Amino acid sequence: MTTPEDAQRFHKDFAQLVANIEQAVLGKQDCVKLALACLFTGGHLLLEDKPGTGKTLLAKALARSVEGRTKRVQFTPDLLPGDITGGMIFDLEKQELQLRRGPVFTNILLADEINRASPKTQSALLQAMEEGQVSIDGENHVLDQPFMVIATQNPIEQAGTYPLPEAQLDRFLVRTELGDPAPRYAIQLMHEAFRMDRSELVQELIGVRGVVDRKHIAAGVHVETEVLQYVNDIAVKTRADNQVQVGVSMRGCLALVRLAKTWAAAEGRHFVIGDDIKELAVEALAHRLVLTVEAEFRDVKAVSVIQRIVDSLPVPNGGPRR
């Protein structure tokens, strides 16, 4: 069980990491905090945005701050599953099969424009994201820890995209957008145009072992039953909503609770409050909804559905009982 002292230590480390990464990714504190929360929760991040908004930079800065390794895969229609996982190759000198590790064997994998690849290739990441291992020629290979996928997705109306299947979307802990920088940050970036790689400004603060240790702290944060009931009420309402074909599953509920635990620790608390759930519900749940055909025809957005449902429910306090 996480103690108040553990939570305060987590809060201090989290704030230092946010400030560190913000040296590279200017003016995007909310996105940086969500990315770090994903990392410390053991989840994956989906960024839906146009090119040139700093998605690759965020992944590199995040990996550098925790002394982790990062690899990038550009998803294209001709990309094959083996291009991600690797495969067995025959070594002519040793006259034996050897494993060629693919880019998935890293700490932070940037899957760029993931919805430009075929569904078969997209599915190559499913096992890695869910189980932290991949199967190659019938043999399981455990991935390095921590392991996190930061995937970028083009708007589905763009040419040459394949919508991500529901099963894959459900594996992402958070979906958010970076967006364009505010004018003052855009001007600062142009003033510093001589910097070809802003991630070099980021210091190495904690090792990958430190990430694993802090994941344990976040996992031990306390959640009252009334807060869990609040999460369940949100999920039940999505399943009964007349604009929703498929609502939030139990996997979505568990994901939101785990993320809220990390968020609470990042705020210096050893317990989750209802406002944590309310603040994170859209980013953690909206991408898990499947809207009805009629709702899509009317251009209803899943984000607005989740926000409407959250606003309709009373928010519990959730503080620890004395």
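Let us look at the structure shown here. This is a predicted model, so every value here is computed, not measured. (Residues numbered from 1 in each chain as written. Predicted model: local features only at pLDDT ≥ 70, side-chain atom pairs only at ≥ 80, totals over all residues. Heavy atoms only, no water.)

Regarding the environment of Phe-105
Step number 1: Mapped onto the secondary structure, Phe-105 falls in the loop between strand S4 (96-101) and strand S5 (108-112).
Step number 2: As a C-alpha pair, Phe-105 and Val-134 span 29 residues in sequence and 9.3 Å in three-dimensional space.
Step number 3: Phe-105 has contacts with Arg-69, Lys-71, Thr-85, Val-134, Ile-136, His-141, Val-142, Leu-143 and Asp-144, leaving out every residue within four places of it along the chain. (Helix = DSSP H or I, 4+ residues; strand = E, 2+ residues; numbered from the N terminus. Contact = heavy atoms within 4.5 Å.)

Details of the sheet that holds strand S9 (residues 174-176)
Step number 1: Strand order in the open sheet formed by 5 strands is S2-S5-S8-S1-S9, and the pairing between neighbours is parallel. Where the open sheet ends on each side, the last strands, each with one partner, are strand S2 (70-74) and S9. With direction set aside, neighbouring strand axes in the sheet form an average angle of 15 degrees.
Step number 2: As defined by bridge partners, strand S1 (residues 45-48) adjoins S9 across 3 bridges and the pair is classed as parallel. Looking at the pairing, Leu-45 lines up with Val-174 of S9.
Step number 3: With respect to the sheet, helix H2 (residues 29-41) is in contact with S1, strand S8 (148-153) and S9, its orientation differing from that of S9 by roughly 165 degrees. (Pairing = 2+ DSSP bridges. Axes fitted to C-alpha atoms, helices over the stretch in contact; angles between N-to-C directions.)

Some thoughts on the pairing of S8
Step number 1: A large share of S8 lies buried, amounting to 6 of its 6 residues.
Step number 2: Burial along S8 is two-sided: the residues Met-148, Ile-150 and Thr-152 and Val-149, Ala-151 and Gln-153 are all buried.
Step number 3: Direction of pairing for S1 relative to S8: parallel, over a ladder of 4 bridges. Residue pairing across strands places Leu-47 opposite Thr-152, the latter belonging to S8.
Step number 4: As judged from the 4 bridges shared by S5 and S8, these two strands associate in the parallel manner. Of the residues in S8, the one forming a bridge with Ile-108 is Met-148. (Buried < 20%, exposed > 50% of the residue type's maximum accessible area, 1.4 Å probe, protein only.)

Observations regarding helix H11 (residues 250-266)
Step number 1: Helix length check: H11, at 17 residues, gives a terminal C-alpha distance of 24 Å against a target of 24 Å (1.5 Å per residue), a fit within 8%.
Step number 2: With 13 of its 17 residues buried, H11 lies for the most part within the structure.
Step number 3: Gly-268 lies just past H11 and shows a positive phi near 90 degrees. (Expected span 1.5 Å × (residues − 1).)

A closer look at unusual backbone geometry
What you tend to see is this: most non-glycine residues have negative phi, and most peptide bonds are trans.
Step number 1: Here the bond from Gln-145 into Pro-146 is cis, since omega is 0 degrees, no more than 30 degrees from zero.
Step number 2: Phi angles above zero are rare outside glycine, and Glu-67 is one such case at about 55 degrees.
Step number 3: Positive phi, close to 50 degrees, is recorded for Asp-137, a residue that is not glycine.
Step number 4: Among the structural elements, Asp-137 can be located in the loop between strand S6 (133-136) and strand S7 (139-142).

Some thoughts on the packing of aromatic side chains
Step number 1: One pass over the structure, following the stated rule, counts 3 aromatic pairs.
Step number 2: Consider the rings of Phe-10 and Phe-40, whose centres lie 5.4 Å apart with planes at 65 degrees: the pair is edge-to-face. Highlighted residues: Phe-10 in helix H1 (residues 4-22) and Phe-40 in helix H2, separated in sequence by 30 residues.
Step number 3: According to the relative accessible area criterion, Phe-40 is buried, its value standing at 1%.
Step number 4: A ring pair is formed by Phe-14 and Phe-40, whose centres lie 6.3 Å apart and whose planes are at 50 degrees; its orientation type is tilted. Within this pair, whereas Phe-14 is found in helix H1, its partner Phe-40 is found in helix H2, the two being separated by 26 residues in sequence. Of the two residues examined, Phe-14 and Phe-40, each falls in the buried class. (Phe/Tyr/Trp six-rings, centres within 6.5 Å; stacked < 30°, edge-to-face > 60°.)

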